[in-house]
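Architecture and fold: a report
What follows is the residue order along each chain.
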Amino acid sequence: MRVKIGRNDPCWCGSCKKYKNCHYSFDEKIAKIKSQGHIVPDRSMIKLPEQIAGIKESAKINVACLDAVGEQIRAGMSTEDIDRIVYETTTKMGGIPAPLNYEGFPKSVCTSINEEVCHGIPSPDIILKDGDIINVDCSTILNGYYSDSSRMFCIGEVPEEKKKLVQVCRECVELGLKEVKPWGFLGDMSEAVYNHAVKNGYSVVRSIGGHGVGVEFHEDPWVGYIFKRGTQMLMAPGLMFTIEPMVNMGGHDIVVDEENGWTVRTKDGLPSAQWEIQVLVTEDGAEVISW
Ligand code: MF3
Ligand code: CO
């Protein structure tokens, strides 16, 4: 149960302003959109200024990890070496790698090569070779605040076909980002991602998506990429989530590795790409928090 706040009571956001001068009209607007049948975020999903500041500090480490990987990644290196770069960069800056021991995940970062869609586990036995494409998915905790982003890297001479997949997936994220604006819907972003992938002859993974993030690793809403404009959750200012489509060269079906229970691969064995950004809906647009 939540007691209704009076107009002259302090606002729920902790600003110490009167409710009527703070989030009152925000709440009214959301209630109206909800009454029209839309899915709307609840207060717990709306990030407050202090939280946003903490999340941005976390994201500095997140970005530093991916930058460090970008500088050092090359053929002949193992995915364990990438794990070490992420662990060391994170801990030196005072952070904790979020994947480490997360639901039993054994490493500090996910490394997914070629037909691996996501959640690949770093290993000293997996050696990067010329022509590979790899997603490095890095998530960071600092003072309890979470950041999460991933990039693709092309190793040496990569065939045109795979390079194009990587590029189109990146464009999907960029086109999705353009649709992130206050009082739109997640479906606006989703449709832009989907259409660009399909237009290029690719498919988008359906059952794994993005998520709210910041105060926890994975928060509501779940963020899919097969939805239409005007559907899914309202993008109210303060909503923070990831855009992280997995774009496949072949079909959208995926299988999870039976032995390790983590690594997701395309069912048809064709390559898959993923880029991930963490984005905040602001009063007048969007702010990329981590990439
Ligand atoms: N960064 C990944 C995501 O947002 C999370 C991986 S969890 C792990 O989906 F435990 F697999 F690392
Ligand atoms: Co994520």
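Quick look at the structure, then. What you are looking at is a predicted structure, and each value in this text was computed from that prediction instead of being measured.

Across the sheet, which stays open at both edges, the three strands sit in the order 3-14-13 with antiparallel pairing between neighbours. Two strands close off the open sheet at either side, each with one partner strand: strand 3 (116–118) and strand 13 (254–256). In this sheet, adjacent strand axes meet at a mean angle of 40 degrees when their direction is disregarded. Pairing geometry for strand 3 and strand 14 (residues 264–266), over two bridges, is antiparallel. Counted as the bridge partner of Cys118 is Val264 from strand 14.

The N-to-C vectors of helix 2 (residues 49–72) and helix 3 (residues 79–92) enclose an angle of 140 degrees; their axes lie 9 Å apart at closest approach. Between helix 2 and helix 3 the crossing geometry is right-handed. Two secondary-structure elements touch here, helix 2 through Ile61, Ala64, Cys65, Ala68, Val69 and Gln72 and helix 3 through Ile82, Ile85, Val86, Thr89 and Thr90.

The protein atoms that coordinate the cobalt ion (ligand 2) are Asp148 (OD), His211 (NE2), Glu244 (OE) and Glu276 (OE), at distances spanning 2.1 to 2.3 Å. Counting residues between consecutive donors of the cobalt ion (ligand 2) along the chain gives the motif D-x62-H-x32-E-x31-E. In this pair, Asp148 is assigned in strand 5 (residues 145–154) and His211 in strand 8 (residues 210–212), connecting sequence segments 63 residues apart. Under the relative-accessibility criterion, Asp148 is labelled buried at 2%. By relative accessible area, His211 is classed as buried at 6%.

Enumeration according to the criterion identifies 15 salt bridges in this entry. Linking Lys56 and Glu287 is a salt bridge whose minimum nitrogen-to-oxygen distance equals 2.8 Å. Taken together, the residues span a long stretch of sequence, with Lys56 in helix 2 and Glu287 in strand 17 (residues 286–290) at a distance of 231 residues. Assessed through its relative accessible area of 33%, Lys56 is described here as partly exposed. Its salt-bridge partner being Asp132, residue Lys129 comes within 3.0 Å of it at the nearest N-O pair. Of the residues examined, Asp132 reaches a relative accessible area of 3% and is grouped as buried. Overlapping salt bridges bring together Glu179, Asp188, Glu191 and Arg229 as one network.

Helix length check: helix 1 (residues 24–35), at twelve residues, gives a terminal C-alpha distance of 17 Å against a target of 16 Å (1.5 Å per residue), a fit within 8%. By the burial criterion, the buried members of helix 1 are Phe26, Asp27, Ile30 and Ile33. The buried residues of helix 1 occupy an angular sector of 125 degrees when the element is viewed end-on, so they sit on one face. Along helix 1, the residues that are exposed and aim more than 90 degrees away from the buried face are Ser25, Lys32 and Ser35. A positive backbone phi angle near 100 degrees is found at Gly37, which sits one or two residues after helix 1.

Rules used throughout
Residues numbered from 1 in each chain as written. Chains lettered and ligands numbered in written order. Predicted model: local features only at pLDDT ≥ 70, side-chain atom pairs only at ≥ 80, totals over all residues. Heavy atoms only, no water. Pairing = 2+ DSSP bridges. Helix = DSSP H or I, 4+ residues; strand = E, 2+ residues; numbered from the N terminus. Axes fitted to C-alpha atoms, helices over the stretch in contact; angles between N-to-C directions. Left-handed = near helix turned anticlockwise from the far one by under 90°. Contact = heavy atoms within 4.5 Å. Donors = N, O, S within 2.8 Å, 3.2 Å for Na, K, Ca; no water. Buried < 20%, exposed > 50% of the residue type's maximum accessible area, 1.4 Å probe, protein only. Salt bridge = Lys/Arg side-chain N within 4 Å of Asp/Glu carboxyl O. Expected span 1.5 Å × (residues − 1). Arc of directions from axis to C-beta.

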